[in-house]
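The lines below spell out each chain.
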Amino acid sequence: MAADAFFRCDGDQYVPTELTRGPWDPDSQHAGPPAGLIGREVERLDGGDGRHVARVTFEVLRPVPIAPLRVQAGVVRPGRSVELVEATLSDADGDVIKARAWRLRTEAVELPAGLSSADGPGLIGSSPSTLRPGFAPPGPAEASPGTFPKTGSDVGYHTAMDYRFLQGDFGEAGPALVWMRMRHPLIAGEEPTPLQRVLVAADSGNGVSATLDWTRYLFINVELTVHLHRALAGEWVCMDAITIPEPDGVGLADTALYDERGPIGRAMQALLIDERGE
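Here the structure is a predicted model, which is why all the values come from computation and not from measurement.

A. Just the nonpolar core, in detail. Among the nonpolar cores identified, the biggest contains 51 residues, and F6 and V226 are the most heavily contacted of them. A total of six residues in this core trace back to one element, the largest contributor, which is helix 3 (residues 194-202). Those residues within four positions of V226 in sequence are excluded, and the remaining contacts are A54, R55, V56, V198, L199, A202, L257, R266 and A267.

Here's what the structure looks like:
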């Protein structure tokens, strides 16, 4: 039977399906679905109502196996307006990903016109990556489906996500402007939250904007940091991404995040660059 979600619940464990499989190793997950799983746990902590996850950093300690996982989260710095949360994703061998997130209280604040993400034109920037208030890329209906490079697997993260490119493609090296959407829920039987939708997609910045040949090079992120100044509206996440590799084997992927209303935040990934072995 074909998988219909990234994970299914089994007691206190989450069992990944083949939809989580990443492009680097058939036995390892793409980091997007595990990031979404951690984000889900952070949201479900007591006191989550009326709070917004403004920043979350995922430290990827080792490849995430396609094996049963557990997630634990807790508030380590409580506060009426600001709180710090820590979370851990683990398998039978120990920790796989550690995360820290800031949850900020949400409360109506009167602001001058032209400053928020829904206002425009407001502040003027030089490109979409400056997260200009009032700017939104053309919608997914105006974009073209992407062609994912061969991974050796017929089913995986690459088939579980919907890609629509406004600029670039997987076959084109360099920056990309692409809409992404989950084709399946994160957890079987659950509707993904806006945060989960963003986190499942945000780890793809280095993939959609690859500047190096997939067949010759590895460019793997050791962490993912996502800042969000408001919640995603709708199902689609737009990523304005660029990857910058350096000859010393270190790189950076920088991704501005949008929905159809305008900017929502930014994702950054520190990259390990290496040549593949023969």
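Moving on, there is more to tell.
B. Just the pairing of strand 9 (residues 172-182), in detail. The pairing of strand 8 (residues 161-169) with strand 9 spans seven bridges and is antiparallel. Its bridge partner lying in strand 9, D162 is registered against R181. What sits between the antiparallel neighbours strand 8 and strand 9 is a turn of two residues. By the bridge criterion, five bridges tie strand 9 to strand 12 (residues 237-245) in an arrangement that is antiparallel. The residue bridging W179 from the neighbouring strand is C238, located in strand 12.

C. A look at the layout of surface pockets. Taken as a whole, the largest pocket encloses approximately 520 Å³ of empty space. Surrounding the largest pocket, 30 residues form its lining, W24, Q29, A31, I220 and N221 being those nearest its centre. Where the lining of the largest pocket is concerned, the elements lending two or more residues are helix 4 (205-208) and strand 10 (217-221). Considering each element in turn, the lining of the largest pocket owes the most residues, four residues, to strand 10. Here the lining of the largest pocket is built from residues that sort into 18 nonpolar, eight polar and four charged.

D. Focus on the pattern of salt bridges. Tallied over the entire structure, the rule returns 15 salt bridges. Between D162 and R181 there is a salt bridge, and its shortest N-O distance comes to 3.0 Å. Of the two residues, D162 sits in strand 8 while R181 sits in strand 9, which places them 19 residues apart along the sequence. Between R230 and D259 there is a salt bridge; the shortest N-O distance is 2.7 Å. Separated by 29 residues along the polypeptide, R230 in the loop between strand 11 (223-228) and strand 12 and D259 in strand 13 (residues 250-259) bring together distant segments of the chain. Linked through salt bridges whose partners overlap, the residues forming this network are D162, R164, R181, R183 and E235.

E. Local environment of the packing of aromatic side chains. Tallying each qualifying case throughout the model produces two aromatic pairs. With 5.0 Å between their ring centres and 80° between their planes, Y163 and F170 make a pair best called edge-to-face. Note on accessibility: Y163 and F170 belong to one class, buried. On the numbers, 5.2 Å between centres and 80° between planes, the contact of F165 with F170 is edge-to-face. Overall, the relative accessible area of 8% leaves F170 in the buried class. Among the aromatic residues, those joined into a ring-pair cluster are Y163, F165 and F170.

F. Here's a closer look at the side chain of R103. Tracing the backbone shows R103 in strand 6 (residues 94-105). A polar atom in the side chain of R103 sits 3.0 Å from the backbone oxygen of D46. At 2.3 Å, the side chain of R103 and the side chain of E83 are in polar contact.

G. Focus on the confidence of the model for the protein. For the protein, per-residue confidence averages 89 on the pLDDT scale, and 90% of positions sit at 70 or higher. In the model, residues 121-127 has pLDDT below 50 throughout and makes eleven contacts with residues more than four positions away in sequence or in other chains.

Cut-offs applied
- For every chain, the first residue of the written sequence is number 1, and numbering continues from 1 along that sequence.
- Given that this is a predicted model, residues contribute local features only at a pLDDT of at least 70 and side-chain atom pairs are listed and counted only at 80 or more, while totals for whole chains, interfaces and linings are drawn from all residues.
- The basis for the side-chain values is all heavy atoms of the structure; hydrogens and waters are excluded.
- Remark: nonpolar core denotes a set of buried residues (Ala, Val, Leu, Ile, Met, Phe, Trp, Tyr, Cys) joined through side-chain atoms within 4.5 Å.
- The buried label applies to any residue whose accessible area, calculated with a 1.4 Å probe on protein chains only, is under 20% of its type's maximum; exposed applies above 50%, and partly exposed to all values in between.
- Every helix listed is a DSSP run of H or I at least four residues long, and every strand listed is a run of E at least two residues long, numbered separately from the N terminus.
- Every residue pair with non-hydrogen atoms within 4.5 Å of one another is taken to be in contact.
- DSSP-based pairing: two strands are paired if at least 2 bridges between them are found.
- Cavities and pockets were defined on a 1 Å grid built from protein atoms only: a cavity is a group of points that admits a 1.4 Å probe but offers it no way out, a pocket is an open group of points flanked by protein on both sides within 12 Å along at least five of seven lines, and a lining residue is one with an atom within 4 Å of any such point.
- Grid points are joined across faces, edges and corners, and a volume is the space filled by probe spheres set on the points.
- Gly is placed with the polar residues, together with every amino acid not listed as nonpolar (Ala, Val, Leu, Ile, Met, Phe, Trp, Tyr, Cys and Pro) or charged (Asp, Glu, Lys and Arg).
- Criterion for a salt bridge: a side-chain nitrogen of Lys or Arg within 4 Å of a carboxyl oxygen of Asp or Glu.
- Aromatic contacts are taken between Phe, Tyr and Trp rings whose centres are within 6.5 Å, Trp giving its six-membered ring; a plane angle under 30 degrees counts as stacked, one over 60 as edge-to-face, and the others as tilted.
- The definition of a polar contact used here is a pair of N or O atoms within 3.5 Å, where within protein one atom must be able to donate a hydrogen and the other to accept one, and adjacent residues in sequence count solely through side-chain atom pairs.
- A residue's pLDDT is the predictor's confidence in that residue, given on a scale from 0 to 100.

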